[in-house]
Amino acid sequence: MAAKSSKLHIAMFPWFAFGHMIPYLHLSNQLAQRGHTITFFLPKKAQSKLQHLNSHLHLITFHPLTVPPVDGLPPGTETASDIPRSLTHLLAIALDRTSDQVEAALSTLNPDILFYDFAHWAPALASQMGIKSIYYSVVCAAALRNVSVSVAPPGYPSSTVVLRPHELRLKESINKPYGEGVTFQQRHTTAMARCDAISFRTCQEIEGPICDYIGSQYGKPVFLTGPVLPKPSTLTPLQDPWAEWLGAFGSGSVIFCAFGSENIMVQDQFQELLLGLELTGLPFLAALKPPLEAATVEDALPEGFKERVGGRGLVHGGWVAQPAILSHPAVGCFVSHCGYGSMWESLTTDPQIVLLPAYVDHIFTARLLAVELKAAVEVEKGENGLFSKERLCAAIKTVMDEESEIGSQAKKNHAKWKETLVSAGFMSNYIDNFVGQLHGLLDQN
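Residues numbered from 1 in each chain as written. Predicted model: local features only at pLDDT ≥ 70, side-chain atom pairs only at ≥ 80, totals over all residues. Heavy atoms only, no water.

Caption draft 1: Spatial organisation of the sheet that holds strand β13 (residues 377-378). The six strands are arranged β10-β9-β8-β11-β12-β13 in an open sheet whose pairing can be described as parallel. In the strand order of this sheet, the two ends are held by β10 (313-316) and β13, each with one partner. Alignment of strand β12 (residues 352-355) against β13, held across two bridges, turns out to be parallel. Residue V354 lies in a different strand from β13, and its bridge partner there is V377. (Pairing = 2+ DSSP bridges. Helix = DSSP H or I, 4+ residues; strand = E, 2+ residues; numbered from the N terminus.)

Printed below as a string of structure tokens:
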């Protein structure tokens with residue numbers, strides 16, 4: 001029946017993290033704009049935080065799930081931003097225990113296609129109901145292969161988007177339990193092996209060869225959605241106090257540092273980061289979660305820090321409107337944790353990019369931006385994985401200094417990619433082609 005209708009009913013079931021739910025919702029908005037109906041599974045408490053991003057209330061319906069309790073998971077936990085990263089394996093158990101709720105809803109709704117990522121059991125469930133399943137990845141494609149410089153598999157199309165020898169220890173986490181009876185790696189290899197198609201939030205121009213390689217490894221068709229970002233005209237204008245504070249500084253003079261909703265640093269590195277920003281002598285706005293050892297960012301500031309930086313430096317422990325801040329003319333540098341959403345937001349705005357990755361998937365994003373595309377500069381770290389305030393300052397100076405050869409190359413390449421990504425029709429053409437691929441997948445019945 002589905003293939004006979006030009007309009008689709010699609011169910012979205014992303015991992016319970018805002019870095020996954022938000023890009024799934026961006027894609028939902030694009031599909032709804034073309035007349036397709038979306039049912040969006042999400043934790044109950046997340047609904048209020050995402051409602052303002054739903055641009056098509058008549059076509060996108062949030063279906064709240066009750067996140068069950070799990071031993072060791074703090075009461076009330078529903079998303080990855082509620083807990084330290086060390087507890088996300090327990091949140092995966094909670095996700096898996098919503099399977100009965102998801103099954104009941106799918107049985108009633110009977111959508112054409114189910115999109116998912118962390119729910120490795122979803123494709124088998126969908127298949128039983130005659131629903132097509134698509135593994136939709138919203139992280140750097142290379143991260144799905146966990147490629148290292150010493151064991152890069154034959155045929156892997158990049159010699160630069162890889163881990164370095166001293167980073168291989170970070171791969172150990174993928175072989176640890178991530179749910180009941182399943183490791184992180186098993187969860188994702190199963191999720192990709194059993195789907196009907198693998199889809200990536202990227203474009204052929206930037207990650208096409210790696211996406212094609214992954215598709216060939218699993219014997220699956222590969223669909224690319226493009227970056228899937230809201231149009232700048234749809235973004236909420238920057239509000240005070242940020243607009244007023246930024247307005248006091250000259251064009252391109254401010255450093256903006258943001259590390260996402262889940263990245264929690266240890267206090268030593270948190271303070272090293274702030275001291276590095278101070279060392280630049282430039283105005284800065286840092287949006288960071290408190291470190292593990294502190295209740296608030298104020299409790300964790302280096303001694304004498306506030307007195308030294310005065311009004312030229314702000315440290316904020318809550319949410320900020322990152323896209324709007326990146327679009328402000330006063331911002332000239334973005335220090336990023338290399339979250340995949342931040343990668344696309346930084347490539348499509350003007351501030352120069354400095355990268356400070358902490359986790360495996362973020363390292364791959366950093367290598368893509370800094371080494372493959374040469375559109376950013378990655379902060380040098382020691383073999384222990386730690387960075388110094390001096391190296392952070394040096395990386396920022398590199399991209400801010402017009403006399404720097406590396407900085408000039410990064411600026412030139414960044415501008416080239418921005419021109420491509422924001423060009424008329426680029427993103428919409430990807431979505432239109434993607435919709436055609438969805439119809440083709442259904443026509444295989």
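The rest of the description comes next.
Caption draft 2: Inspection of the nonpolar core at higher detail. By size, the foremost hydrophobic cluster in this structure holds 78 residues, and its most contacted members are F13, I206, I214, W344 and L347. Counting residues per element, this core draws most heavily on helix α14 (residues 360-372), at seven residues. Beyond its immediate stretch of four places on either side in the chain, I206 contacts W344, L347, L368, L373, W417 and L421. Formed by 32 residues, the second largest nonpolar core is a distinct cluster that contains I10, M21, A32 and I38. (Core = buried A, V, L, I, M, F, W, Y, C linked by side-chain atoms within 4.5 Å. Buried < 20%, exposed > 50% of the residue type's maximum accessible area, 1.4 Å probe, protein only. Contact = heavy atoms within 4.5 Å.)

Caption draft 3: Representation of α14 in the model. The terminal C-alpha atoms of α14 lie 17 Å apart, and with 13 residues this matches the ideal 18 Å at 1.5 Å per residue to within 8%. Taken across its 13 residues, α14 has ten buried, putting it largely inside the fold. When we look at burial in α14, the residues that qualify are V360, H362, I363, F364, T365, A366, R367, L368, L369 and A370. On the buried face of α14, the contacting elements are α7 (204-218), α13 (340-347), β12 and β13. Looking one or two residues beyond α14, the residue adopting positive phi is K374, at roughly 50 degrees. (Expected span 1.5 Å × (residues − 1).)

Caption draft 4: Fine view of the packing of α13 against helix α16 (residues 405-421). Two elements in contact, α13 and α16, have axes whose closest approach is 8 Å; the angle formed by their N-to-C orientations is 95 degrees. When the axis of α13 is compared with that of α16, the two are roughly perpendicular. Residues W344, S346 and L347 of α13 pack against H414, W417, K418 and L421 of α16. Counted by class, the contact of α13 with α16 contains four nonpolar, two polar and one charged residues. (Axes fitted to C-alpha atoms, helices over the stretch in contact; angles between N-to-C directions. Parallel < 35°, antiparallel > 145°, perpendicular 65-115°, else oblique. Nonpolar A, V, L, I, M, F, W, Y, C, P; charged D, E, K, R; others polar.)

Caption draft 5: Seen up close, the packing of α13 against α14. Here α13 crosses α14 at 20 degrees, and the two axes come no closer than 10 Å. The angle between the axes of α13 and α14 places the two elements in the roughly parallel class. In this structure, the crossing between α13 and α14 has a hand that is right-handed. When α13 is examined against α14, the residues Y340, M343 and L347 are found in contact with a partner set consisting of T365, L368 and L369. When its residues are assigned to classes, the contact of α13 with α14 shows five nonpolar, one polar and no charged. (Left-handed = near helix turned anticlockwise from the far one by under 90°.)

Caption draft 6: Region of the structure containing the sheet that holds strand β6 (residues 197-200). Taking strand neighbours across the sheet as the criterion, the seven strands line up as β3-β2-β1-β4-β5-β6-β7 in an open arrangement whose pairing is parallel. Here the strands that pair on one side only, and so sit at the sheet edges, are β3 (60-65) and β7 (222-224). Strand-to-strand, the axes of this sheet are offset by a mean angle of 25 degrees, without reference to chain direction. On top of the sheet, helix α17 (residues 426-443) reaches β1 (9-13), β4 (113-116), β5 (132-137), β6 and β7; it is set at about 150 degrees to β7, its chief contact.

Caption draft 7: Inspection of the pairing of strand β11 (residues 331-336) at higher detail. In terms of burial, β11 is a largely internal element, six of the six residues being buried. Sheet topology note: the strand β8 (residues 254-258)/β11 ladder contains five bridges and is parallel. When the sheet's bridge partners are listed, V254 is paired in β11 with V331. Where β11 meets β12, four bridges bridge the pair, whose relative direction is parallel. Across the sheet, the residue bridging to C333 is Q352, located in β12. Each parallel crossover has a hand, and for β11 linked through α13 to β12 it is right-handed. (Right-handed = clockwise from strand over helix to strand, strands pointing away.)

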